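Each chain, letter by letter, is given below.
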Amino acid sequence: MADLAARGETPEILFWVGCAGAFDDRYKRVTRAFVRILEHVGVNYAVLGMEESCTGDPAKRAGNEFLFQMQAMQNITTLNGYGIKKVVTACPHCFNTIKNEYPALGGEYEVIHHSTFLQQLINEGKVKAEGGESFKGRRITFHDSCYLGRANNIYEAPRAVLEVLDADLLEMKRCKTNGLCCGAGGAQMWKEPEPGKKDINVERAEEALATLDGDADVLLNLQGVESTAPVLPAGSNRGGSVIAVACPFCMTMMADGVKNKERESDVQVFDLAELIASAEGLNA
Amino acid sequence: MHFSIQNILFLLVAVAGFGLFAWQARKIRANILVGRDRDMSGHVNERLWKTLLVAFGQQKMFKRLTPAILHLIVYIGFIVINIEVIEILIDGIFGTHRVLSFLGPLYSLLTGTNEVLGALVVLAVAALWWRRNVKGVRRFTGPEMRAWPRLDANVILYIEVVLMAALFLMNAADLKLHGASLPGAFPISQFLTGLLPDSPTALHVLERVGWWAHIVGILLFLNYLPSSKHFHIIMAFPNVYYSRLVPQGQFSNVDSITHEVKAMMDPTYQVPAPATEPDGSAAAPTPFGAKDVNDLAWTNLLNAYSCTECGRCTSVCPANITGKLLSPRKIIMDTRDRVEEKYNSPLIFNPNLYGKEAKHDPQEQLDRENHTLLRGYVTPEELWACTTCNACVEACPVNINPLESIVEMRRFLVLEESAAPNSLNVMFSNIENNGAPWAFSPSDRFNWADDLFVAEK
Ligand code: SF4
Ligand code: SF4
């Protein structure tokens, strides 16, 4: 961004990478996939690079309001300094914080989550999900991120994005407003869970796996809500079923849950951006 | 119209009943107002609309169909049958009999509907009782559901039956006494007349018994409400009216901190003068976050008085589902208990004993002098288990927000006591030092771009 500013230019959108997108090895792949899509459609974008700092979301949810506001003011100063109007991010936590909590501190931007952004690209015909990997006949179930769904009422965009993949889309029993948290929000990502019967991500992964393993004749489309299918024996390969996520924390949590159930061999966790990039043949 | 000792008695009973209720309501209002100020004015249309949908329209109940229908019957029955109460009041005061009968066919419609609804209410109540006591729906249990809340839940069901029985007794006796000359329609009572004695004196007495039982029952019920979760039949309306209108993901902003941070970043920033007491002395600084009930916003206390203890919040809480201590319902019930323990109990009798039994830490329990909402009732372990997922907020049929109270108490733990779990302190210092919750150097922030156009598997 600094380079762009030095040339006196302002980008159309600022891609807010987020800490997970910048540092988490798994999620860096999502960042790259999303950037390839941005390049592919030729959007004029920029990133802050080293000038980006944590939005303060984990600090705020953990109760450290002071640290949150320090981070927020610093980021707002940076963004305002560059005259940013529009921010796109793949992280629902960054999205929520910048969209809902920055305005009171002087940061007013149009903030878009990448699921909504991808949906727009699809609607405009700029992304067709053709020419790359085919998802025909593969099963995908979408895990709602709390900070996208309940926190901001975004339920349709990620589903609309998945619809172009021509895969078999299944809904979990708890989805949309009734979705179950992956267990990472509210700063849980950085601490051990409190003692209990089970970890939240395992509970959620079990539910996702049960949905993906469901019997073929009760395949539900996106309008369906419940999947009460009998569960197939674990390990029966279905040609790579997918748990789709739209959040870095959900990604980590669901991947760990799948590992916990020893199903990595046949079930993978992908972000929407990765799925679209593969379908568009942008993986090189 | 003929005045008699009955009218005077009735007047006394009615005045006492309503007066007592007003006295209790005033105390509860005072309890709610010990909470911190929060400006909830404005957005009147939006708020009214929400109240219409969620409180009158029971919108959020319909997430679960069976209880929604049963609840709807009792709710509509309650409202419609209360039209009868208007008649009873007028009859009682002026010594008239069935004063609304001048309405003619409309009166028949009214009494007829009343009876049908009354019968439906009895059936619904039976079904609700069965769900609660026999079927064992999971959310009706849990550590916070002590003896009193469980009894309380049933008491209302019994009261409903008694009130309906009184109504039918009154109608049936009246009908047998007057026969076809009685105005109104009595689709249910007409089958009950056979059960009654034939003597007109006895019938007259039975009619009076039914009549008095109905109205006295209602007045007793009214005064039972403030001690009970059934207070929600009143509080749901203001509670929904004052519910949050911003996105659920938006957490409140602490203004005093904003001033401090601004002053740190910009030395020329003018921090507004601290608040003063009415007498001009500087007000004691308010703590960050909430330690006790008076540190919560008044809306959070309003929440506590509106809770139906239905447990919908707890049954969708991911922490609770996976066996952690956290139960959003408990947080809300604790808040109510604590308000009533710390301030005047507004109740004639004080059965809200669940808090005293619900504490997790026996040591805290001994320290009754010094305890507060936080630690005295709610343990840090509960608070730290929350993922801030908003499932509880979404689930609550009366728009209660347990999450807000949870975050306020977390704020107190972190900002006043520095009592966050150690791993969170590590996260805080990472953000402070590296601008990221993980221990990575900011100079590595762009590394993801290194192999951007290298093929990936
Ligand atoms: S927000 Fe917290 S208390 Fe509410 S359901 Fe989620 S984890 Fe439970
Ligand atoms: S807070 Fe709401 S959902 Fe939870 S028990 Fe009370 S009324 Fe029910």
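The structure this text deals with has already been given above.
Here is a short report on the structure shown in this document. Note that the structure is a prediction, hence the values are computed from the model and not measured.

To continue, consider unusual backbone geometry. Residues and elements named next belong to chain B. One non-glycine residue, histidine 43, lies in positive phi territory at about 50 degrees. Here histidine 43 lies in the loop between helix H1 (5-32) and helix H2 (44-56). Its identity is not glycine, yet glutamine 58 carries a phi of approximately 60 degrees, on the positive side.

All names here are of chain B. The contact between H1 and helix H9 (residues 298-306) brings their axes to 8 Å, and the two run at 140 degrees. Taken together, the axes of H1 and H9 are oblique relative to one another. On the side of H1, the interface is formed by Ile28, Asn31 and Ile32, while H9 contributes Trp298, Leu301, Leu302 and Tyr305. Of the residues in the contact of H1 with H9, the class split is six nonpolar, one polar and no charged.

Bringing the site of ligand 1 into the picture now. All names here are of chain B. Close to ligand 1 lie 13 residues, the nearest being Cys317, Cys386, Thr387, Cys389 and Cys392. Elements with a minimum of two residues in the shell around ligand 1: helix H17 (391-395) and helix H18 (402-416). A per-class count over the shell around ligand 1 returns 10 nonpolar, three polar and no charged.

Buried residues of helix H8 (residues 156-163) of chain A: Ala157, Pro158, Arg159, Val161 and Leu162 of chain A, and no others. Those residues of H8 of chain A that are buried lie in contact with helix H7 (114-123), strand E5 (139-142), strand E6 (168-170), strand E7 (241-245) and helix H11 (272-279) of chain A.

Residue and element names in this part refer to chain A. Counting buried residues in H7 gives seven out of 10 residues, a clear majority hidden from the surface. Looking at H7, one finds that the buried residues are His114, Ser115, Thr116, Phe117, Leu118, Leu121 and Ile122. Glycine 125 sits one or two residues past H7 and shows a positive phi near 75 degrees.

Reading guide: rules and limits
Residues numbered from 1 in each chain as written. Chains lettered and ligands numbered in written order. Predicted model: local features only at pLDDT ≥ 70, side-chain atom pairs only at ≥ 80, totals over all residues. Heavy atoms only, no water. Helix = DSSP H or I, 4+ residues; strand = E, 2+ residues; numbered from the N terminus. Axes fitted to C-alpha atoms, helices over the stretch in contact; angles between N-to-C directions. Parallel < 35°, antiparallel > 145°, perpendicular 65-115°, else oblique. Contact = heavy atoms within 4.5 Å. Nonpolar A, V, L, I, M, F, W, Y, C, P; charged D, E, K, R; others polar. Near = heavy atom within 4 Å. Buried < 20%, exposed > 50% of the residue type's maximum accessible area, 1.4 Å probe, protein only.

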